[in-house]
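One letter stands for each residue in the lines below.
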Amino acid sequence: MFKFFTRQGNTKDEFYAICAGESFPLEEVADPVFSTKMMGDGIAVKPSDDTIYSPCEGEIILFPDTKHAIGIRTQRGTEILVHIGLDTVNFHGQGFQKLFPDQRVQTGQPLIRLDRGILNKADLTSMLVITRPRSLRIAYTAYGSVRPGNLWLQLED
C-alpha cells in the first residue's frame with residue numbers, strides 16, 4: 001500500500017492527503033459553510049483520482065447513508081470530518097462505494113471509491129475539517145500537488 005512516516009513520540013496529530021490532487025486553503029472553497037470555517041478549520045483538495053483514503057488512524061464516528069462524509073476520531077481524541085464534494089449529499093449515496101469493513105481505520109486505508117460516471121456534474125472538491133477540539137492550532141499544511149501518503153496537515157496544542 002503506502003509507506004507512511006511518523007516521528008516516534010510525536011504528540012501532534014498528523015493527517016495525510018486523502019487523495020491525489022491539488023490542495024488549497026479551506027477559505028477558497030466555493031461553499032460558505034466551509035470557507036467561513038463554520039464547521040471548523042481545515043484544508044481542501046480537488047481530487048484527481050477516484051479513491052479517498054483515511055488521513056489518520058482512528059475510529060469511524062460518522063458515516064451517513066449518503067456516503068459523502070466520514071467522521072473520524074483519532075487516538076488523541078481529535079475529531080475530523082472528511083467531506084467529499086460540494087452538494088454531493090444530493091446524490092443520496094449514488095456514486096460513492098464504501099471500501100472500509102469496520103469502524104477502525106488505518107492511515108492510508110481506502111475509504112471511498114468515487115464513480116465519476118455518476119458524479120460527473122458534481123464539484124468533487126473535498127475537505128478535511130477539524131471539528132473537535134477547536135482549540136488546536138494548525139501548525140503545518142501542504143498546498144499544491146499532493147498524493148496519498150503526503151503529510152497534509154499537522155495540529156499542535
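Residues numbered from 1 in each chain as written. Predicted model: local features only at pLDDT ≥ 70, side-chain atom pairs only at ≥ 80, totals over all residues. Heavy atoms only, no water.

Student: I keep staring at the state of the cysteines and nothing clicks. Help me out?
Tutor: As used here, a disulfide is simply a covalent bond connecting the sulfur atoms of two cysteines. Enumeration over the complete set of coordinates arrives at zero disulfides. A disulfide-free cysteine, C19 has its sulfur positioned 15 Å from the sulfur of C56, the nearest such atom. Overall, the relative accessible area of 3% leaves C56 in the buried class. (Disulfide = S-S within 2.5 Å. Buried < 20%, exposed > 50% of the residue type's maximum accessible area, 1.4 Å probe, protein only.)

Student: Is there a simple way to explain the environment of G117 in this structure?
Tutor: Residue position: G117 is located in the loop between β10 (110–114) and β11 (123–132). Judged by relative accessible area, which is 57%, G117 ranks as exposed. Considering only alpha carbons, one finds G117 and G95, 22 residues apart in sequence, at a separation of 7.8 Å. (Helix = DSSP H or I, 4+ residues; strand = E, 2+ residues; numbered from the N terminus.)

Student: Please explain the sheet that holds strand β14 (residues 151–156) as it appears in this structure.
Tutor: Strands pair in a sheet through their backbones, by hydrogen bonds, and they do so in one of two ways: parallel or antiparallel. Taken in spatial order, the three strands make up an open sheet running β1-β14-β12, and their pairing is antiparallel. Every interior strand has two partners, whereas the edge strands, β1 (13–16) and β12 (137–141), have only one. Across the sheet, the axes of successive neighbouring strands diverge by a mean angle of 20 degrees, strand direction being ignored. Both β1 and β14 contribute to a ladder of four bridges, which runs antiparallel. In the strand pairing of β14, E14 is matched with Q154. (Pairing = 2+ DSSP bridges. Axes fitted to C-alpha atoms, helices over the stretch in contact; angles between N-to-C directions.)

Student: I tried to follow the nonpolar core on my own but got confused; where do I start?
Tutor: Within soluble globular proteins, side chains that are nonpolar generally end up buried alongside one another. With 31 residues, the main nonpolar core has F15, I52, I72, I80, I112, L114 and W152 as its most contacted residues. Of all elements in the fold, only β3 (42–47), β6 (69–74), β7 (79–86), β10, β11 and β14 reach the threshold of two or more residues within this core. Membership of the second largest hydrophobic core comes to ten residues, among which are V29, L81, L86 and M127. (Core = buried A, V, L, I, M, F, W, Y, C linked by side-chain atoms within 4.5 Å.)

Student: It is not clear to me how the environment of T51 should be interpreted in this structure. Could you clarify?
Tutor: Within the fold, T51 resides in strand β4 (residues 51–53). Separated by 92 residues in the primary sequence, T51 and Y143 have C-alpha atoms spaced 19 Å apart.

Student: I'm lost on the sheet that holds strand β13 (residues 144–146) in this one. Help?
Tutor: Reading across from one edge, β9-β5-β6-β7-β11-β3-β2-β13 is the order of the eight strands in this open sheet, with antiparallel pairing throughout. Sheet topology places β9 (104–105) and β13 at the edges, where each strand pairs with a single neighbour. The pairing of β7 with β11 spans seven bridges and is antiparallel. Each residue of the ladder has a partner; that of L81, found in β11, is V129.

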